[in-house]
Amino acid sequence: ILKWAQTQDGFISREKDDIQNNNWITSEESKTLVHQWRSEEAAILIGYNTALIDNPKLNTRLVEGENPLRLIIDKNLSLPAHLHIFDNSTPTIIFNSIENKKVENTEWVKVASIQEILDFLYHRNITSLIVEGGAKTLQNFIDLNLWDEALVFVGDKIFESGVKAPLIDRKITTEVAVGKDKLLILIN
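Computed from a predicted structure; not experimentally measured. (Residues numbered from 1 in each chain as written. Predicted model: local features only at pLDDT ≥ 70, side-chain atom pairs only at ≥ 80, totals over all residues. Heavy atoms only, no water.)

J.: Sorry, what's going on with helix 4 (residues 135-143) here?
T.: Each α-helix winds once per 3.6 residues, and so residues spaced three or four apart point in a common direction. What helix 4 keeps buried is the set Ala 135, Thr 137, Leu 138, Gln 139, Phe 141 and Ile 142. Positive phi shows up at Asn 145, right after helix 4, with a value of about 55°. (Buried < 20%, exposed > 50% of the residue type's maximum accessible area, 1.4 Å probe, protein only. Helix = DSSP H or I, 4+ residues; strand = E, 2+ residues; numbered from the N terminus.)

J.: Which parts of the structure should I look at to understand unusual backbone geometry?
T.: Trans peptide bonds make up the majority, and among non-glycine residues the majority have a negative phi. The phi angle at Asn 88 is positive, at roughly 60°, despite the residue not being glycine. Mapped onto the elements of the fold, Asn 88 is located in the loop between strand 4 (69-73) and strand 5 (92-96). Backbone geometry places Glu 160, a non-glycine residue, at a positive phi of 70°.

J.: Help me out: how do you make sense of the pairing of strand 5 in this one?
T.: Side chains on a regular strand alternate between the two faces of the sheet. Counting buried positions along strand 5 gives five out of five residues, so the element sits mostly inside the fold. In strand 5, alternate side chains face the same way, and those of Thr 92, Ile 94 and Asn 96 on one face and Ile 93 and Phe 95 on the other are all buried. When strand 4 meets strand 5, the two strands line up parallel, connected through four bridges. In the strand pairing of strand 5, Arg 70 is matched with Thr 92. The pairing of strand 5 with strand 7 (residues 106-110) spans five bridges and is classified as parallel. When the sheet's bridge partners are listed, Ile 94 is paired in strand 7 with Trp 108. (Pairing = 2+ DSSP bridges.)

J.: Got a minute to help me understand the nonpolar core in this structure?
T.: Soluble globular proteins: nonpolar side chains tend toward being buried together. Counting 29 residues, the largest nonpolar core has Leu 2, Trp 4, Leu 71, Phe 95 and Leu 121 as its most contacted members. In this view, Trp 4 contacts Ile 12, Leu 138, Ile 142, Ala 150, Leu 151, Val 152, Phe 153, Ala 165, Pro 166 and Ile 168; residues no more than four positions away in its chain are not counted. Among the nonpolar cores identified, the runner-up in size contains 23 residues, and Trp 37, Ala 51, Ile 72 and Val 178 belong to it. (Core = buried A, V, L, I, M, F, W, Y, C linked by side-chain atoms within 4.5 Å. Contact = heavy atoms within 4.5 Å.)

J.: Is there a simple way to think about the packing of aromatic side chains in this case?
T.: One pair of aromatic rings is described through two measures. These are the centre distance and the angle between the planes. Taken as a whole and assessed by the stated rule, the structure comprises two aromatic pairs. Look at Phe 95 and Phe 120: their rings are 5.6 Å apart centre to centre, the planes differ by 85°, and that puts the pair in the edge-to-face class. Of this pair, Phe 95 sits in strand 5 while Phe 120 sits in helix 3 (residues 114-123); the two residues are 25 residues apart in sequence, bridging distant segments of the chain. Each member of the pair, Phe 95 together with Phe 120, is buried. Sitting above the plane of the Trp 108 ring, Lys 101 keeps its charged end 4.6 Å from the centroid. For the cation-ring pair, Lys 164 lies above Phe 11, with the distance from its terminal atom to the ring centre recorded as 4.6 Å. (Phe/Tyr/Trp six-rings, centres within 6.5 Å; stacked < 30°, edge-to-face > 60°. Lys NZ or Arg CZ within 6 Å of the ring centre and 35° of its normal.)

J.: Honestly, the pairing of strand 11 (residues 172-178) in this entry has me stumped. Any pointers?
T.: As defined by bridge partners, strand 11 adjoins strand 12 (residues 181-187) across six bridges and the pair is classed as antiparallel. Pairing of Thr 174 across the sheet is with Ile 185, part of strand 12. Counting the residues between successive antiparallel strands, the hairpin from strand 11 to strand 12 contains two residues, one of them, Gly 179, with a positive phi of roughly 60°.

J.: Looking at this structure, how should I read the environment of Thr 127?
T.: Inspection of the secondary structure puts Thr 127 in the loop between helix 3 and strand 8 (129-131). For Thr 127, a relative accessible area of 66% gives the class exposed.

Have a look at this one:
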């Protein structure tokens, strides 16, 4: 499952040098729904930039339920240790191109591609994944046609510039109001 939020004018975030400005796109209702979805999936995946810029916890703190396995793509192992993903609060896997190791609740797994990540998850019997990465990570899954469903929130904000939302060539199958946001559901 691919999930992202975008502005009315098609941006998923502001420019990296403008992240001090309010970067939140959607309503509290949408945020709570996302936490509910996280509790229903085995794993959640983000890329390097999302981990570095947003410093997410990737948990279900707004609802009752199990935290998903946290998966992060950090090819060169250059993410700083102070990030929430390294807090050992829930099992975490760091996919990289350098090493395999395990320390406490965090495991580093050497892979060379998204397909290798998915193969690894399959062999670990992890059969559901929500990808909440940034534009690059999401677009890679789209370009490789490695997705079943896309959940796209459209908030009421306009950024005018920033990081463009991923491009996906499928028709919207469902449109639902969530608070003041629109949720677009696309099926592959």
